[in-house]
Amino acid sequence: YTPSDRDEWQKPDEVIAALAIQPGSHVADIGAGGGYFTYRLAEAVGPTGVTYAIDVDTDMTDYLEEETAERGVENVTVILAEYGDPLIPESGVDLIFTSNTYHHIQDRTAYFERARRYLRPGGRLAVVELNGSGWFSSWFDHNTPAETIREELEAAGYQLDAEHDFLEQQHFLVFSVKPG
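Given the structure is predicted, the values throughout are model-derived calculations rather than measurements.

Participant: Describe the packing of helix α2 (residues 12-19) against helix α3 (residues 38-45), listing the residues and the values that go with them.
Facilitator: In the contact formed by α2 and α3, the axes pass within 11 Å of each other and the chain directions differ by 40 degrees. Comparing their axes, α3 and α2 come out oblique. Two packed elements cross with a definite hand, and for α2 against α3 that hand is right-handed. Touching Pro12, Asp13 and Ile16 of α2 are Arg40, Leu41 and Ala44, all from α3. Residue composition of the contact of α2 with α3, grouped by class: four nonpolar, no polar and two charged.

This is the structure in structure tokens:
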């Protein structure tokens, strides 16, 4: 697919708007890949905010470093993560965001249980995940049922706050840390 095709089904502007990110926020883009959402998140947090572009693939993080420098974007920090830990700085984030990456994460309940420590008070976890309806996600088995995501994240100590339904090929779930 071309980037414009992706914009049609991914609806990035609507996704960002639905997240209602406050200027000055710190956001982690886990599985940032080529930065499709990274730079949109960076725009949303504004010059006083920070977006961490996180990936486990050195080719992707090298690309993101070059792209960030080329674009002159000063509020993106690229992080080469470990498979079991996104390595978000200890200062924490207001939002952990992941798009089309959830199905790649091993032992997701344990992973997101560990990731909770990076969320600031009131922080959220947003998961945009392929739902199996598009040819790519069904053909390559790159998808996770919404019920599975919810069960795994509830077991990891989160509660579902919102489920957006404007993406045809994806689930869009937003969680917060369960009280207590």
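Participant: Let's hear about the sheet that holds strand β4 (residues 93-99): which residues, and what values?
Facilitator: Reading across the sheet, the seven strands line up as β3-β2-β1-β4-β5-β7-β6 and stay open at both edges, with mixed pairing between neighbours. The open sheet terminates on both sides in strands that have one partner only, identified here as β3 (76-80) and β6 (158-164). Each adjacent strand pair in this sheet contributes to an overall mean axis angle of 20 degrees, direction not counted. Pairing of strand β5 (residues 119-130) with strand β7 (residues 170-177), which is carried by seven bridges, proceeds in the antiparallel orientation. Bridge pairing in β7 places valine 128 opposite phenylalanine 172. Against the sheet, α3 contacts β1 (26-30), β2 (50-55), β3 and β4, and its axis sits at roughly 160 degrees relative to β2. The sheet strands contacting helix α7 (residues 146-155) are β5, β6 and β7, and the helix crosses β7 at an angle near 15 degrees.

Participant: Could you give an account of the packing of aromatic side chains, with specific residues and numbers?
Facilitator: Under the counting rule described, the total for this entry stands at five aromatic pairs. Their ring planes at 85 degrees and their centres at 5.2 Å tell us that tyrosine 36 and phenylalanine 37 sit as a pair that is edge-to-face. Residue class for phenylalanine 37 comes out buried when judged on its relative accessible area of 3%. Connected via pairs of aromatic rings, a cluster forms that spans Tyr36, Phe37 and Phe97. Over the face of the ring belonging to tyrosine 36 we find arginine 40, whose NZ or CZ atom lies 4.4 Å from the ring centre. Positioned above the aromatic ring of tyrosine 39 is the side chain of arginine 71, whose terminal nitrogen or guanidinium carbon lies 4.0 Å from the ring centre.

Participant: Account for unusual backbone geometry, with residues named and values stated.
Facilitator: The phi angle at leucine 87 is positive, at roughly 55 degrees, despite the residue not being glycine. Along the chain, the position of leucine 87 falls in the loop between β3 and β4. Notably, asparagine 100 is not glycine yet its phi reads approximately 55 degrees, a positive angle. Relative to the elements of secondary structure, asparagine 100 occurs in the loop between β4 and α5 (108-115). For asparagine 100, a relative accessible area of 15% puts it in the buried group.

Participant: Lay out the pairing of β7 with the relevant residues and their values.
Facilitator: Of all eight residues that make up β7, seven are buried, and the element is covered over most of its length. Bridging between β6 and β7 involves six bridges; their strand directions are antiparallel. The residue of β7 that forms the bridge with alanine 162 is valine 174. Taking the residues that link successive antiparallel strands as the turn, the β6-β7 hairpin has five residues.

Cut-off values and rules
- Residues numbered from 1 in each chain as written.
- Predicted model: local features only at pLDDT ≥ 70, side-chain atom pairs only at ≥ 80, totals over all residues.
- Heavy atoms only, no water.
- Axes fitted to C-alpha atoms, helices over the stretch in contact; angles between N-to-C directions.
- Helix = DSSP H or I, 4+ residues; strand = E, 2+ residues; numbered from the N terminus.
- Parallel < 35°, antiparallel > 145°, perpendicular 65-115°, else oblique.
- Left-handed = near helix turned anticlockwise from the far one by under 90°.
- Contact = heavy atoms within 4.5 Å.
- Nonpolar A, V, L, I, M, F, W, Y, C, P; charged D, E, K, R; others polar.
- Pairing = 2+ DSSP bridges.
- Phe/Tyr/Trp six-rings, centres within 6.5 Å; stacked < 30°, edge-to-face > 60°.
- Buried < 20%, exposed > 50% of the residue type's maximum accessible area, 1.4 Å probe, protein only.
- Lys NZ or Arg CZ within 6 Å of the ring centre and 35° of its normal.

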